[in-house]
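Spelled out, the chains give:
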Amino acid sequence: MRSADTPAAGRLGRIRPTWGIVLLIAGLAAGCGGDDARSGDRLWGAVLDEPLTKPDFVLTTTAGEPYDFRRETAGYVTLLFFGYTHCPDICPVHMANIAAVLHKLTPDVAGRVKVIMVTVDPARDTPDRLRAWLDNFDRGFVGLTGPDSALAAAQRSLGLPPAVKEGSGADYGVGHAAAVFAFTADDLAHVVYPSGVRQVDWAHDLPLLVAGRWRAP
Amino acid sequence: MRPQASIALAALAAAACSHGAPPLAENTGTAVLEAYATASPAPDVSALYFTVENRGAEADTMVAVSTSVGEATLHTVETKDGRSSMRAVERLPVPAGASVHMRPGGYHVMLSALPAPLAAGDSIGVAATFVRAGTLRFRARVMTYSDLVARLEQDGADRR
């Protein structure tokens, strides 16, 4: 949401964490204007007013190994998303965009980025199914699962409302937070990427996040 | 040339320029353009996106969509209390002179219970039924999500 009277704001404007993310979907659509405000080292993602602390949780990888999120991702730019494999739209679009951009970045940048998808549908997302789904995008993407209580706790630790099952029958959907959280080497998320973020946004921001160099809003 | 005809032709030309391709199907002014399905990352789930343009003088409404593979459900995405959810849409109005663009994060057709994964390079048959135009049949090319989004971003940039 570009605004002439707040030139320091990012392309999407500054927002409060968590609930404010909702507003960004509309903001993104409205903010896709010209390129004039998108220069320099400002992030194009949605910069948070208050950064979020990297959550402390241990879940299980698709190989069945425990994954201590804080320890495994220490020092990396870490993109954390809560999604599910029966999701036809938001989830695969995020993963495809991130993968496409990582594959174009130089290895010294791409190698500093970890992508973690935590399932919000553990009943249908078996480890094998989650692994195969992620492999369509990048074999290095980490898929995590666990008991419902642990998955809900991981979401709450970011201030997110835990995902909920919607509808009945085999084809049920899952309502879940649509944003990708980007943690930097300082173990904080200063910026999130809502549904609607584009490949050009990732291509612009990831090198800045890896370098730890962007202009504070 | 009668003025009415030339105006209609000009409108058609403008519409054609905005998409750079003839419609995939058209009847009574309701046209389908740019239909893409996604290569399925899950064995049984995928998505279909297309654009409906109403070149006529009367509103039309899409009331059904089906494909040659699996089940098709028109969805939109709604966000409430921090959660984004898909909601099934029974009727998709297309006002006279307007276009409805299915896009990631908005209207999309969910393809489920696929008998086999869709692969990039394939195409699927689609039938979309409208109140006025009746059933329009067309084919949708299958491409990866990445290629689809890149194409739609380009298309969106052109349009903006």
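In case you missed it, the structure is sitting above this.
Residues numbered from 1 in each chain as written. Chains lettered and ligands numbered in written order. Predicted model: local features only at pLDDT ≥ 70, side-chain atom pairs only at ≥ 80, totals over all residues. Heavy atoms only, no water.

> In this structure, what is going on with the interface of chain B and chain A? I would like to understand it.
In many reports, interface size means the accessible area that the parts give up when they come together. On the side of chain A, 35 residues touch chain B, which itself brings 31 residues to the contact. Between chain B and chain A, the buried area comes to about 2,400 Å², and carbon and sulfur atoms account for 57% of it. Our count for the chain B to chain A interface comes out at 1 salt bridge. Between Arg129(A) and Asp44(B) there is a salt bridge; the shortest N-O distance is 2.8 Å. Where chain B packs against chain A, one counts 10 residue pairs in polar contact (both at pLDDT 80 or more). Mapped onto the side of chain B that touches chain A, the elements with two or more residues apiece are β3 (46-54), β5 (71-80), β6 (83-88), β9 (108-112) and α2 (145-159) of chain B. Counting residues per element, the side of chain B that touches chain A draws most heavily on α2(B), at 5 residues. When grouped by side-chain class, the residues that make up the side of chain B that touches chain A number 13 nonpolar, 11 polar and 7 charged. (Contact = heavy atoms within 4.5 Å. Buried area = accessible area lost by both parts, 1.4 Å probe. Salt bridge = Lys/Arg side-chain N within 4 Å of Asp/Glu carboxyl O. Polar contact = N/O pair within 3.5 Å; in protein donor to acceptor, adjacent residues only side chain to side chain. Helix = DSSP H or I, 4+ residues; strand = E, 2+ residues; numbered from the N terminus. Nonpolar A, V, L, I, M, F, W, Y, C, P; charged D, E, K, R; others polar.)

> In this structure, what is going on with the packing of helix α3 (residues 90-104) of chain A against helix α7 (residues 199-211) of chain A? I would like to understand it.
The description of two helices packed together rests on the angle between their axes and the distance between the axes. All names here are of chain A. Two numbers describe how α3 lies on α7: the axes approach to 9 Å, and their chain directions differ by 50°. By the angle between their axes, α3 is oblique relative to α7. For the element pair α3 and α7, the recorded crossing hand is right-handed. From α3, Asn97, Ile98, Ala100, Val101, Leu102 and Lys104 reach across to α7, where they touch Gln199, Trp202, Ala203 and Leu206. Its residues assigned to classes, the contact of α3 with α7 comprises 7 nonpolar, 2 polar and 1 charged. (Axes fitted to C-alpha atoms, helices over the stretch in contact; angles between N-to-C directions. Parallel < 35°, antiparallel > 145°, perpendicular 65-115°, else oblique. Left-handed = near helix turned anticlockwise from the far one by under 90°.)

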